[in-house]
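Okay, here's what each chain looks like letter by letter:
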Amino acid sequence: MSCCNKCQDFFFTFTLTKKILIREKCAVFKIICPIVILACVIGYVFFCDKGYQDTDTVISSVTTKVKGIALTNTSDLGLRIWDAADYVIPAQEESSFFVLTNLIITPNQTQSCCAENPGPRSSCSTDQDCEKGLVNKHKTGMQTGRCIQFSASEKTCEVLAWCPLEKEANPPDPPLLAEAEKFTVLIKNGIHYPKFHFRKRNILPHVNSSYLSQCVFNRTTDPDCPIFRLGDIASEAGEDFQTMAVHGGVMGVQIRWDCDLDWPESWCVPTYTFRRLDNKDLKNNVTTGYNFRFAKYYKNERGQESRTLFKGYGIRFDIKVFGTGRKSSALPILLNLGASLGLLGTATVLCGFLISCYIKKCKGKIYEEITYAQFVGDQTEGLENQH
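Attention in this report is confined to the structure presented alongside it. If you're wondering where the values come from, they're calculated on a predicted model, not measured in any experiment. (Residues numbered from 1 in each chain as written. Predicted model: local features only at pLDDT ≥ 70, side-chain atom pairs only at ≥ 80, totals over all residues. Heavy atoms only, no water.)

**Looking at the pattern of salt bridges**
Taken as a whole, this structure holds 12 salt bridges when the rule is applied. Two residues, Glu-93 and Arg-316, come together in a salt bridge whose shortest N-O distance is 3.4 Å. Placement of Glu-93 in the loop between helix 3 (84-87) and strand 5 (96-115) and of Arg-316 in strand 14 (residues 305-328) is noted, with a sequence separation of 223 residues between them. For Glu-93, a relative accessible area of 25% puts it in the partly exposed group. Here Arg-316 falls in the partly exposed class, since its relative accessible area comes to 22%. A salt bridge links Arg-276 to Glu-239, with the shortest nitrogen-to-oxygen separation between them at 3.3 Å. A residue pair is termed long-range when its members are at least 10 positions apart, and Arg-276 in strand 12 (residues 271-276) and Glu-239 in the loop between helix 5 (230-236) and helix 6 (241-247) qualify at 37 residues. In this pair, the class of Arg-276 matches that of Glu-239, namely buried. Because the salt bridges share partners, they merge into one network encompassing Arg-80, Asp-86 and Lys-296. (Salt bridge = Lys/Arg side-chain N within 4 Å of Asp/Glu carboxyl O. Helix = DSSP H or I, 4+ residues; strand = E, 2+ residues; numbered from the N terminus. Buried < 20%, exposed > 50% of the residue type's maximum accessible area, 1.4 Å probe, protein only.)

In structure tokens form, the structure reads like this:
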């Protein structure tokens, strides 16, 4: 029977809550707090953070074309003109290009035997100091087992290698191709926001061929020109081009496309920034800069192969494209409104809780007496009704 009674109480009883109306001036905060919080949320989400817009990440492609002429006159190569086919290595790369600025040249090398450059593993006094067939990864060839004269005062182990060996010297200062500072590069960049079916390139509609043939990027006078002077790129990054050209380095060209597609398409334009990417710490100057070796090969009438070895120093330019496209959409509006209303409900409950805590703490005795009197009156009224 007790189980049956409990089931009846569960299914056929209903509880009513009785509220007590208390007039207090501080209760106005139950309206002010949610309004302030809602205004802050809407102001930040919909105006500062533009929460009414959907976003998409940029997809881009980059191609480059370098132009410029340099003249050198050295004892190894004589008088020579350098154009883009000589100093841009390789001719095309993806989102980057390299410009040669300095050289150490070793001409007329052939496959033969010669004395190794002096060093801990190559200096010798007799043939017993040289191990036949030894290949040292830090050297340039294979030892033959003979100790021969390197200079009037020093002997080294003989090696089978490309002889004469590469010169061990610092790169020329000033750099051999100092005129590279005046070279220019045309950067062609196309972008796509697939979610919004939007495409554009950095050669803007008002840029025609006559303007393009004579303009050079300038942040004040020609901010839309896609042709950049290499010296200007270095100076905008806070670097001296001639100093950097001695040992080489890595420069970053950053193109940012932040487009609000609710506005006219002409407002969507790129902004360019430049910075040096490699380490130039003066305290730790071991293996600084950027260099590599390459060679040009020849054969004479007798079929004998020879080559000219170049140790090239230069600047690598890495082009990075960033950006976010924004456009109004119903989905983010609904999501942000739902989140705002949820926060508003939480704020209302919190403000009500704080107000009730304040009333209980500051005016608790008064309202306890009122509540007790009402409770007694309710009990008396209930007994009378039962009677």
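**Some details on a positive patch on the surface**
Together, Lys-65, Lys-67, Lys-188 and Arg-201 make up a region of like positive charge exposed at the surface. The residue Arg-201 is located in strand 9 (residues 198-201) in this model. Here Arg-201 falls in the partly exposed class, since its relative accessible area comes to 49%. (Patch = residues over 30% accessible without salt bridge, like charges linked within 9 Å, V, L, I, M, F, W, Y side chains within 5 Å. Areas by Shrake-Rupley, 256 points an atom, 1.4 Å probe, with all protein chains shown as cover. Lys, Arg positive; Asp, Glu negative; His and termini not counted. Charge placed at Lys NZ, Arg CZ, Asp CG, Glu CD.)

**Observations concerning the state of the cysteines**
If you walk through the whole model with that rule in mind, you get five disulfides. Two residues, Cys-124 and Cys-147, share a disulfide whose sulfurs are 2.0 Å apart. Residues Cys-124 and Cys-147 share a disulfide whose torsion about the S-S bond is about 95°; that sign makes it right-handed. Residue Cys-124 is located in the loop between strand 5 and strand 6 (142-149), and its partner Cys-147 is located in strand 6; the two are separated by 23 residues in the primary sequence. For the pair Cys-124 and Cys-147, one class covers both residues: buried. (Disulfide = S-S within 2.5 Å.)

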